[in-house]
Amino acid sequence: MKFSKIKGPKPYKSHPRWSSAALIACPALLMAAPVTSYAQAGQDVKAAVGENEQEVKVQVVTVTGSNIRQAQNSVSSSPITEVGENLIKGTASISIGDTLNGIPSITSGISTSSNNTSVGGDAANVGVATTSLRNLGSARTLVLVNGRRYVSGVSANTGYGVDLNSIPTSIIRRVDVLTGGQSAIYGSDAIAGVVNIITKKDFSGLEVNAFGGGAEAGGAGRKNFDLTYGQNFESGNAWISVGQSRQEALRSSERAFSAYELAYIDANKDGIREAVARRNGPAHVPGAALIAPNGLSIFGNGAPFNTSQPLLNDQFVPQSSADWDNQNNRRFLVPPYQRNYVASGLNFDLSATSHADIELNYTGTTSSVALEPAPVSVVGDIFRVPTGGKTGIDVATSPYFVGSSAGSQLAAALGSNTSLDRVQTFKRLTELGDRTVSNQRHTFRLAAGLTNDLSDTLSLKSSAVYGVTLESQNNTGDFSIPNFRNAVTIAPDGKGGYQCADPIARLEGCVPINPFGTVDSLAGKAGITGFSPNAIKYLKIATGQTGEIKQTVLNSVLSGSLPYAIVDKQPLSFAAGVEYRKEQAEETPDAYRQQGLSRDLQVSAIAGQFNVKEAFAEIEAPVARWLIVDLAARLGSYSTIGTAPTYRLGINAPVMDALRLRGSWSRSVRAPNINDLFSNGSTSTAPTNTDVCNGVTASTSGNLAQNCRSIPAIARRIAANGIYTLVASEANNTRLLQAGSPTLREETANSVTLGAVFTPVRGLSFSADYYDIAIKNGITRDAADVYVKRCYSVAPAGFDPSCGGNLVRDLNDGPILNVSSPLINAANITTRGVDLEVDYARPNLTVAAYANYLNRYDVTNSSGAVEKFVQRPQFPKWRLSLNGTYNFSKQFDLFSQVRYRSATKAFLEANNLSPELNKLDAATYVDVRLNYRLSEATHVYVGVNNLTDVQPDLNPRDPATGTNTEPRAYDVIGRQYFVGLKSKFK
């Protein structure tokens, strides 16, 4: 290969506002470039079709995918999907996360409906929205703002990811989605790709936007108001934007499909679960419930407790009655949140060859959610009998039961052993109010850049980014377990009544309570019928936490072109630079939850930091008239894992005017983040399928069944009932502790993309891109059921019922109480598929169609078992999106979007659900917006989202709390209307 030195004129003139990641974009090349355009702006379309023969001006815009300064005819070797401002406004979204979730290659990581719990570590993420490219998770999806990193907004104890709710939609110009491993360009976390949010710049004049909307069926209203003012001056531009957005609540009880917690049962006893019923639990009711070993079920007042399980009709209305508590009465489909923001930008020329830019952003969000009042079992939660504790309460002699109807019935049912330890006691603490969480987040970010043109073909750009997220959480409805224990341990007070038995507890304010509802007992007749105001004051505690996440990034890039060429005097382009990044986080929960002394799930404190120093380089080499080769490499030195190299090869082949081929191969890494390394553990409720012994009989064969039967409590239940079957309250109360590990290594990924762009005529473009991502040593924790199954499937001679101290069972009845699963480098993940796109443009019409076909998504866990995900609810084979804008006249234009996802299944493996219940139906959503121009300055618009009011299908496997469905796949709100106004004055 022969290099030739270029003589004569310079390849191209440098612009004083060149960015190290900039592309001069000519709208006339709209359909020729392989950068995919999602709802293109009107001015680009006009240029593409030559309307009114307007002069097309060359502009400088941020480009995603390279640090190389590129000329106007340069293109990316990786496909880029562009989400335009028109699409964001077309659905009146107040969260960019909702807009991105409509792109076929993207799903929500955390959304308002998928995380609506007020317990455990996850409560800290109420009000957060994250994104997941290729379903690989928010930690493997690098989110940038204007090509620069953005501080995480996810609780450090639970994960890592940019909170998209902290980035107001009103300042977003577009979003570029770059697929494939991009660590060689951007560093760690870009295994799945990059989501680059481009904000507005060079704003001049005053713009006011306001809109509001709500659901036809009620609830989930949203409102937005923002104001932006900018001014050009001799050497630059300055602007400021302020605004407020508000999402109102939608209760689970306000929609039929989520009004009750559901169960799926075998009503006709043929071995197939074909019927939808109310969940047979929980028994935590305001008046207290008591269940004896022989099945006696009564309220605290002695009345019978109806344990039947009503079937539901096709309108989700129960066909009979039951006394189980319906927790969905108080739960949320959409929790409320509010965002207030101030954003500003300044860019100016320092000289003819240097330029500076500054971005300043502040966002304050408040969010809240509530669950039903705290459940309590005196036997299980307060005295912890399942793990070896004793209540010390004898039903035959305790003043809580002597003389009561309930006491008489229990004594008869218990026989000679009348210890309360043998009774299941349930109570919903309505006296303490709902369990609520109120989160406040403050996100501050300062980014500054300095660009110096060293020559006509050489530029040095340096930048600095500092970001911080401050979080404050306040919870209500919880209580102190030690204080509750004191208040239920009573003794005569010598005056005909009762008092707390512990004299020190009495000095601290202890007042007796009656959590059994036995108002006709000796204690009840003495006035201890429930919870007095003084007792509530003694029990009730305020919990919460504070957190801080910090990010510092320093970057310097030298880029330009070299006076050498391989072919046709086309210069070699390059970029080389260094980067320093530091990540810090700490979170401090209240002392009660840290020590496990509250009813809420235990949460530990976390504190940690790491830094990385990196050097990187890129080169773009035209090696033939029809072939350009991109090479990139990056070497990072981490304070935690040591050295991690990444590299990338890209090809861009315009083989003819109408056909361009492109492809890339890359090695990417994801270094463990602060949560991965330093989390001491947050507790959540494990899935209901965690206990793999559920369903084992005396005749079930295999190591797993034999090991299950070796556990005395399980053996006793099999002997008594013929089968070990969990009741709902047992399956739903296993606590899962999730912790990090300081010994984790980086995960690596090999990514391949191959594609083609075909433009047969001007204004029409087709593209197809194949992708294959293979992750090794993925940072993961085995699913709770997978972990337990592996432990219980060993040969009986080597079986450890505690799984190395990570599993605790109820010593009396057998169900799993606690299971812990630390992070490990074990998963291998392979995903592959095809992205398709069609773009069409005419003077008054633009149409874009996008599709993703998912061919494979397999996860190999630490035991070597392969779990397949294609056609699970979050992994449909097909996702499509079609959007377009039609200008009827100078006054009217119509925007419409159609989104489709193919049918999926709750379980891919053999199961006992009927095919109808196991299948989650395909869904098609239609959104429309009509815009009317009152004048050049003012527009008004009306729109409808989910025009056909498509209802979500049920997810019988793992529905989000309070939803009975998968809200990251289905719309849970229903048909929504909105109306808005936009005015801009120069």
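Only a predicted model underlies this, so the values are computations on that prediction, with no experimental measurement involved.

A. Looking closely at the overall build of the protein chain. The secondary structure content of the protein chain amounts to 17 helices and 50 strands. Relative to the globule expectation of 30 Å for 986 residues, the C-alpha radius of gyration of the protein chain, 31 Å, shows essentially globular dimensions. Oriented by its inertia axes, the alpha-carbon framework of the protein chain measures out at about 105 × 65 × 55 Å. In the protein chain, which comprises 986 residues, the proportion classed as buried is 57%. Across the protein chain, every contact between residues at least 6 apart in sequence was considered, and the portion connecting residues at least 24 apart equals 73%. Here the protein chain displays about 37,900 Å² of accessible surface, and carbon together with sulfur accounts for 55% of that area.

B. Spatial organisation of helix α6 (residues 405–414). Among the residues making up α6, those that are buried are Ala406, Gly407, Leu410 and Leu414. Each buried residue of α6 sits inside an arc of 95° when the element is viewed along its axis, so together they form one side. Opposite the packed face of α6, turned more than 90 degrees from it, sit the exposed residues Ser408 and Ala412. Immediately downstream of α6, the backbone of Gly415 shows phi near 75°, a positive value.

C. Structural view of unusual backbone geometry. Cis geometry marks the peptide bond from Gly281 to Pro282; its omega dihedral reads -5°. Relative to the helices and strands, Pro282 resides in the loop between β17 (275–278) and β18 (289–291). Although it is not a glycine, Ala92 adopts a positive phi angle of roughly 50°. Within the secondary structure, Ala92 sits in the loop between α2 (85–90) and α3 (96–100). For Ala92, a relative accessible area of 3% puts it in the buried group. Residue Arg384 is not a glycine yet carries a positive backbone phi of 55°. Examined against the element boundaries, Arg384 turns out to sit in the loop between α5 (378–382) and α6. The partly exposed category is assigned to Arg384, whose relative accessible area is 35%.

D. Inspection of the sheet that holds β18 at higher detail. If you walk across this open sheet you meet the four strands as β19-β18-β24-β23, and the pairing is antiparallel. The sheet terminates laterally at β19 (297–299) and β23 (375–376), the two strands that pair on one side only. Pairing of β18 with β19, which is carried by three bridges, proceeds in the antiparallel orientation. Of the residues in β19, the one forming a bridge with Ala289 is Phe299. Each of β18 and β19 is contacted by α6, which is oriented at about 165° to β19, the strand it contacts most.

E. Up close: the environment of Asp893. Position of Asp893 relative to the elements: it lies in strand β45 (residues 892–901). In the structure, Asp893 is positioned 49 residues away from Asn844 in sequence and 8.9 Å away in space, judged by C-alpha atoms. Beyond its immediate chain neighbours, meaning those up to four positions away, Asp893 contacts Thr885, Tyr886, Asn887, Phe888, Arg929, Leu930, Asn931 and Arg933. A polar contact is formed between the side chain of Asp893 and the side chain of Arg933, at a distance of 2.9 Å.

F. Structural view of the confidence of the model for the protein chain. When pLDDT is averaged along the protein chain, the result is 89, and 92% of the positions lie at 70 or above. Mean pLDDT values for the elements of the protein chain range from 28 in strand β2 (residues 22–25) up to 98 in strand β46 (residues 904–905). This model gives residues 1–62 a pLDDT under 50, and the stretch forms 176 contacts once residues within four places in sequence are excluded. Contacts for the low-pLDDT stretch residues 70–74, under 50 throughout, to residues beyond four places or in other chains number 15 contacts.

G. Structural context of helix α16 (residues 784–792). When α16 is considered as a whole, its buried residues turn out to be Ala784, Val786, Tyr787, Val788, Cys791 and Tyr792. Its buried side turned inward, α16 meets α13 (703–709), β36 (735–739), β39 (807–809) and β40 (816–822).

H. Summary view of the sheet that holds β39. The strand order across the open sheet built from four strands is β35-β36-β40-β39, with neighbouring strands paired in mixed fashion. If you trace the sheet from one side to the other, it starts and ends with β35 (682–685) and β39, each paired once. The mean angle between the axes of side-by-side strands here comes to 20°, regardless of whether they run parallel or antiparallel. Where β39 and β40 come together, three bridges link them in antiparallel fashion. Bridging across to β40, Arg809 finds its partner in Ile816. Seen against the sheet, α16 touches β36, β39 and β40 and runs at an angle of roughly 95° to β40.

I. Summary view of the nonpolar core. With 43 residues, the main nonpolar core has Leu100, Leu164, Val175, Ile197 and Tyr857 as its most contacted residues. Discounting residues that sit within four places of it in the chain, Tyr857 has contacts with Arg134, Asn135, Leu136, Ile829, Thr830, Thr831, Glu867, Lys868, Phe869, Val870 and Phe875. Residues Val379, Ile393, Tyr400 and Ile481 belong to the second largest nonpolar core, which totals 40 residues.

J. Looking closely at a nonpolar patch on the surface. A grouping of Phe225, Leu227, Tyr229, Ile240, Val242, Val342, Ile358, Leu360, Tyr362, Phe444, Leu446 and Tyr466 is seen on the molecular surface, where their side chains present a nonpolar patch of about 920 Å² in accessible area. Tracing the backbone shows Leu360 in strand β22 (residues 354–371).

K. How the structure looks around the state of the cysteines. Across all of its chains, the model carries three disulfides by this definition. Two residues share a disulfide in this structure: Cys500 and Cys510, whose sulfurs sit 2.1 Å from each other. Across the disulfide from Cys500 to Cys510, rotation about the S-S bond amounts to roughly -80°, and the bridge is consequently left-handed. One end of the pair, Cys500, is in strand β28 (residues 498–500); the other, Cys510, is in the loop between α8 (503–507) and α9 (522–525), and 10 residues separate them in sequence.

L. Spotlight on the packing of aromatic side chains. Enumeration over the complete set of coordinates arrives at 16 aromatic pairs. Where Tyr886 meets Phe888, the ring centres are 4.9 Å apart and the plane angle is 85°; that geometry is what we call edge-to-face. Since its relative accessible area comes to 48%, Phe888 is described here as partly exposed. These aromatic residues form a ring-pair network of at least three members: Phe299, Phe305 and Trp324.

M. Geometry of the pattern of salt bridges. Inspection of the entire model under this criterion finds 44 salt bridges. Between Arg975 and Glu216 there is a salt bridge; the shortest N-O distance is 2.5 Å. You can see Arg975 sitting in the loop between β49 (938–945) and β50 (976–985) and its partner Glu216 sitting in the loop between β12 (205–215) and β13 (222–233), a full 759 residues away along the chain. For Arg975, a relative accessible area of 19% puts it in the buried group. Here the salt bridges share partners, and the residues they tie into one network are Glu85, Lys89, Lys200, Glu207 and Lys982.

N. Up close: the pairing of β13. Two elements, β12 and β13, share nine bridges in a ladder whose sense is antiparallel. The residue bridging Gly205 from the neighbouring strand is Gly230, located in β13. Linking β12 back to β13 in an antiparallel pair, the connection comprises six residues, with Gly218 at a positive phi of about 100°. In sequence, β13 turns back onto strand β14 (residues 236–247) through a hairpin of two residues.

O. Molecular detail of the pairing of β22. Counting buried residues in β22 gives 13 out of 18 residues, a clear majority hidden from the surface. Relative to β22, strand β21 (residues 337–351) runs antiparallel, the two sharing 14 bridges. Considered in β22, the bridge of Val342 is made with Tyr362. Counted between consecutive antiparallel strands, the loop separating β21 from β22 contains two residues. Of the pairings in the sheet, the one linking β22 to strand β25 (residues 435–455) comprises 18 bridges and is antiparallel in character. Bridge pairing links Ala370 to Thr436 in β25.

Reading the values: rules and limits
- Residues numbered from 1 in each chain as written.
- Predicted model: local features only at pLDDT ≥ 70, side-chain atom pairs only at ≥ 80, totals over all residues.
- Heavy atoms only, no water.
- Helix = DSSP H or I, 4+ residues; strand = E, 2+ residues; numbered from the N terminus.
- Rg over C-alpha atoms; globule rule 2.2 N^0.38 Å.
- Buried < 20%, exposed > 50% of the residue type's maximum accessible area, 1.4 Å probe, protein only.
- Contact = heavy atoms within 4.5 Å.
- Areas by Shrake-Rupley, 256 points an atom, 1.4 Å probe, with all protein chains shown as cover.
- Arc of directions from axis to C-beta.
- Pairing = 2+ DSSP bridges.
- Axes fitted to C-alpha atoms, helices over the stretch in contact; angles between N-to-C directions.
- Polar contact = N/O pair within 3.5 Å; in protein donor to acceptor, adjacent residues only side chain to side chain.
- pLDDT = per-residue confidence, 0-100.
- Core = buried A, V, L, I, M, F, W, Y, C linked by side-chain atoms within 4.5 Å.
- Patch = residues over 30% accessible without salt bridge, like charges linked within 9 Å, V, L, I, M, F, W, Y side chains within 5 Å.
- Salt bridge = Lys/Arg side-chain N within 4 Å of Asp/Glu carboxyl O.
- Disulfide = S-S within 2.5 Å.
- Phe/Tyr/Trp six-rings, centres within 6.5 Å; stacked < 30°, edge-to-face > 60°.

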